[in-house]
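Structural characterization, general
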Amino acid sequence: MANVTTATGQDRWFNVINTTIVTIFFVLVLAPLLYVLAASFSDALAVIQGRVWFWPVDFNIEGYRAVFRHPRIMSGFANSFFYVIVGTVINVTLTVLAAYPLSRKDFVDRNLFMTLFVFTIMFNGGLIPTYLLVKSLGMLDTRAALLFPLAIGAWNVIITRTYFQHTIPNELLEAAQMDGCKDFRFLWSVVLPLSGPIIAVITLFYAVQHWNQFFQALLYLKDEAKYPLQLILREILVENQVSSQMTDMDIDSLLLRQQLRELLKYSLIIVASAPMLILYPFIQKYFVKGIMIGSLKG
Amino acid sequence: MRSKAMVIALLLLMTPLMVFAAGAEEEGAATGGVPVTPAGTYPIVEETLEMEVFLSGTTLVDDFQNNAYTEYVLEKTGIQMLVDVTPSADAQQVVNVMLASGDYPGTFINQNFTPAQQVLYGEQGVFLPLNDLIDEYGVNVQTAFETFPLVRDNFVMPDGNIYALPDVNDCFHCSMAQKLWVYEPWLEAVGMDLPQTTEEYKELLIAFRDEDPNGNGIQDEIPLVGAVTGGWFSGIDGFFMNSFIYTHGNLQNVNDTYLRIVDGQIDAVYDAPEWREGLRYLNDLYEEGLILPDSFVQDANQYKQLGENPGDVILGSGTAGHMGVFVDFDGESGRWTDYVSIPPLEGPNGVRYSRFNPVFGDPQWTITNAEENVEAAFRLGDAWYDFDMMQRNLYGREGIEWGMPEPGQLGINGKPATWVPIVGRGLIDRTSWWNQAGPHLRTRDYRLGRYQPDPGALEVVLFNETTANYEPYAADGSMIVPPLSYPSNVAAELTEIQTTLADYVREMIARFITGDADIDSDSQWNAYLSELDAIGVDRMLEIMQTTYDNK
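What this report covers is the structure whose coordinates are included nearby. (Residues numbered from 1 in each chain as written. Chains lettered and ligands numbered in written order. Predicted model: local features only at pLDDT ≥ 70, side-chain atom pairs only at ≥ 80, totals over all residues. Heavy atoms only, no water.)

On to the packing of helix H4 (residues 71-103) of chain A against helix H11 (residues 196-212) of chain A. Residues and elements named next belong to chain A. Remark: H4 packs on H11, axes separated minimally by 8 Å, with the N-to-C direction vectors making an angle of 140°. For the element pair H4 / H11, the angle class is oblique. The handedness of the crossing between H4 and H11 is right-handed. Contact residues: H4 offers Phe77, Ser80, Phe81, Tyr83, Val84, Gly87, Thr88, Asn91, Val92 and Thr95, while H11 offers Ile199, Ile202, Thr203, Tyr206, Ala207, His210 and Trp211. When its residues are assigned to classes, the contact of H4 with H11 shows ten nonpolar, seven polar and no charged. (Axes fitted to C-alpha atoms, helices over the stretch in contact; angles between N-to-C directions. Helix = DSSP H or I, 4+ residues; strand = E, 2+ residues; numbered from the N terminus. Parallel < 35°, antiparallel > 145°, perpendicular 65-115°, else oblique. Left-handed = near helix turned anticlockwise from the far one by under 90°. Contact = heavy atoms within 4.5 Å. Nonpolar A, V, L, I, M, F, W, Y, C, P; charged D, E, K, R; others polar.)

This is the structure:
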């Protein structure tokens, strides 16, 4: 806490209780993560025997070797990075370009446009019409299907607009206009440099959304070379669950799937979550600030 | 002639039934598609033909398009498949969207459409009826149907049409998968033989409990354990109830119905007096502390933790389709080689059954009205059954992943081998096979004809255990309720009753065994029976019987 003030008795109690509850939640969230991390570095037999808790047993990195040897996982990684980077650039660009005009009081029709944006939060065409739209746009089985249909999120437009409205004083605009500055120049040279927090926030929102994206990919992609990591991850973990319904399944391929799953399960979860876990702390400091401003005054 | 072909092509889009009537009259080749060569000959088409097919992928295959099998199909049949792949875990969703949006491929390869879906899309004209094509071109499909009449019965829909080609996989040990395994060294430790009756088995468990067979001085032995989620036939009830009444059910297998056929009548076993005797037996074992209580809540991972318990062995006997369910197959501990099967136990009234799972086939090859070259698409599906096509699909390239046997090489069943694996299944190049996608005809002889030099291999062990201990007691196929497809006006009602019943029956099995409900109390048993009535057992049986009789 940066701004410590002298705490009264009541505040102290509040702090004690608050810290306790937050700690409990922290442990609840941390425990499975630690378990998965420890299991990913442990011998498969030790995991099966239930000897692994929060520290690796019979340390080995066989699981990670297998992950990085698996050709589909590596192509999935490359694809996911592509979708995250290209997709987020498109998202952020479009969101800023939509939000800024909507934040300007001299934009006459802004309420109309805002209503249209909000409308999409509450109503949408549904699965099959959306599928037909993507198909008619010729995007089926192309990477574009994962980049453009969700290029802009109305919710993000709203928080970005609110941020602009409340942090960019009108006086700045007037001053700039006095000096002959046009709108695009103002957006680029004045608004953006002052909007680090909100851009960080929506970047994170969009990036996480792309990283976790799986349903769109499932629906629109047919070429396995374009699959993002999540789809492959899910396939390995779900498909290889041994089902009792396989009454006529070959035992050896059944065991093969089971072994693949046991070997990859934990290391794959770690590898798939690592990029977002690494990204988060860098953006986190903006995160609280940016979203608070958006929500408090909005 | 040309305008006639145009008319027929138009009809093809609207009413497939009529087209096939017309096509048959004109000796085929007139449905508007490219002409195909005579049935059973290759290539199927004279000039290379591109064809869109859709399938659910698997993590064991990296690329279906640039794949040795896909290339072999082109070489052999002249058909270049353009493969659309979707992950199998959610394939159903994707397929539903495709069918609803009208944007679907000519052939679905491995979608396992339910009878309800087949009838629905058949009525709409989306799925084409294959009956006439089977008669005219389906040399391999006909063989499959002749060898397995039950499969044919199962594939003819209530409207009289066949909409899919069957994948037939007659796995011998899976057909009697409800097994019980015991740790053999303990039998010697307590000086007892394999039990043959329910009483002998109880004595064995008591010895496991009291005589410290693992010799560590602690009473940590678990005489009997199972699991209810995951696993494979790992629920405890199925094996033991078959010593009292024929039971086609297992706690762990949520789709099991606990129904049988007696003299042509479908019958539920869970309201029979014999069923109560069976529960009483299991309740007795439970009260004696012979069944681990976790058996009614735990999953396969926890089950395996008991089997692979570090240090001393603690798991004495367990229910499962194979011992790999509860010990690590080929694992470091080597324990999997020490578990042997116990045959079905003879009950007090002489009842002794192995649960039998007949082969009904999986619907695999469905052709839609989006396909222009229907005959070629059908012939490709029929070619799937050819030995070399099937073998390359299932196991990769000849001469690299598998080969033909030399004289003197024997199969799993001890007869001359039919084929020889060169590399283990895990080492098959991931772009050289299709890992079983599509319809095949894997007869028992084919499956057991695989060359197997190692007498300790799992498949050999399972073959021998099944032959010796389960086959002699197998229930007759006529006792098994076949899959039935219900008219839509009763299907919803039936599903509701079945779901409610499945939950209630399973709950009460566990409660009676653990003593939470008293099996000896007549009032509680009668309350159980009247609850079954209230849920609608009779109505369910009535619906099923009517459908069964009409079949």
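As a further point, take the state of the cysteines. Residue and element names in this part refer to chain B. If you walk through the whole model with that rule in mind, you get one disulfide over all chains. Note that Cys171 is cross-linked by a disulfide to Cys174, the S-S spacing being 2.0 Å. Here the S-S torsion is close to 65°, and the disulfide linking Cys171 with Cys174 is therefore right-handed. Here Cys171 matches Cys174 in class, with each residue buried. (Disulfide = S-S within 2.5 Å. Buried < 20%, exposed > 50% of the residue type's maximum accessible area, 1.4 Å probe, protein only.)

Our focus in this paragraph is the environment of Ala46(A). All names here are of chain A. One can find Ala46 in helix H2 (residues 44-48). Here Ala46 falls in the buried class, since its relative accessible area comes to 0%. Considering only alpha carbons, one finds Ala46 and Asp58, twelve residues apart in sequence, at a separation of 7.3 Å. Excluding residues that lie within four positions of it along the chain, Ala46 makes contacts with Arg51, Val52, Val57 and Asp58.

This part takes up the sheet that holds strand S4 (residues 165-169) of chain B. Hydrogen bonds along the backbone pair up the strands of a sheet, which may run parallel or antiparallel. Residues and elements named next belong to chain B. Across the sheet, which stays open at both edges, the six strands sit in the order S2-S1-S3-S11-S4-S14 with mixed pairing between neighbours. Strands with a single pairing partner mark the edges of an open sheet, and in this sheet they are strand S2 (79-87) and strand S14 (441-442). Taken together, the two bridges between strand S1 (residues 49-57) and strand S3 (residues 107-108) define a ladder with parallel strand orientation. From the neighbouring strand, Phe54 faces S3, where its bridge partner is Phe108. (Pairing = 2+ DSSP bridges.)

Turning our attention to the interface of chain B and chain A. At the junction of the two partners, chain B supplies 56 residues and chain A supplies 52 residues. Note on chain B versus chain A: buried area summed over both sides is about 4500 Å², and carbon and sulfur give 55% of it. When residues of chain B are sorted by the area they lose upon contact with chain A, Thr59(B), Pro87(B) and Val97(B) head the list and together hold 13% of the total. At the boundary of chain B and chain A, one finds two salt bridges. A salt bridge links Asp90(B) to Arg234(A); the shortest N-O distance between them is 2.7 Å. Where chain B packs against chain A, one counts five residue pairs in polar contact (both at pLDDT 80 or more). Secondary-structure elements contributing two or more residues to the side of chain B that touches chain A are S2, helix H4 (91-101), helix H13 (300-307) and helix H17 (458-470) of chain B. Per-element accounting of the side of chain B that touches chain A gives the leading share, six residues, to H4(B). Across the side of chain B that touches chain A, the residue classes break down as 18 nonpolar, 22 polar and 16 charged. (Buried area = accessible area lost by both parts, 1.4 Å probe. Salt bridge = Lys/Arg side-chain N within 4 Å of Asp/Glu carboxyl O. Polar contact = N/O pair within 3.5 Å; in protein donor to acceptor, adjacent residues only side chain to side chain.)

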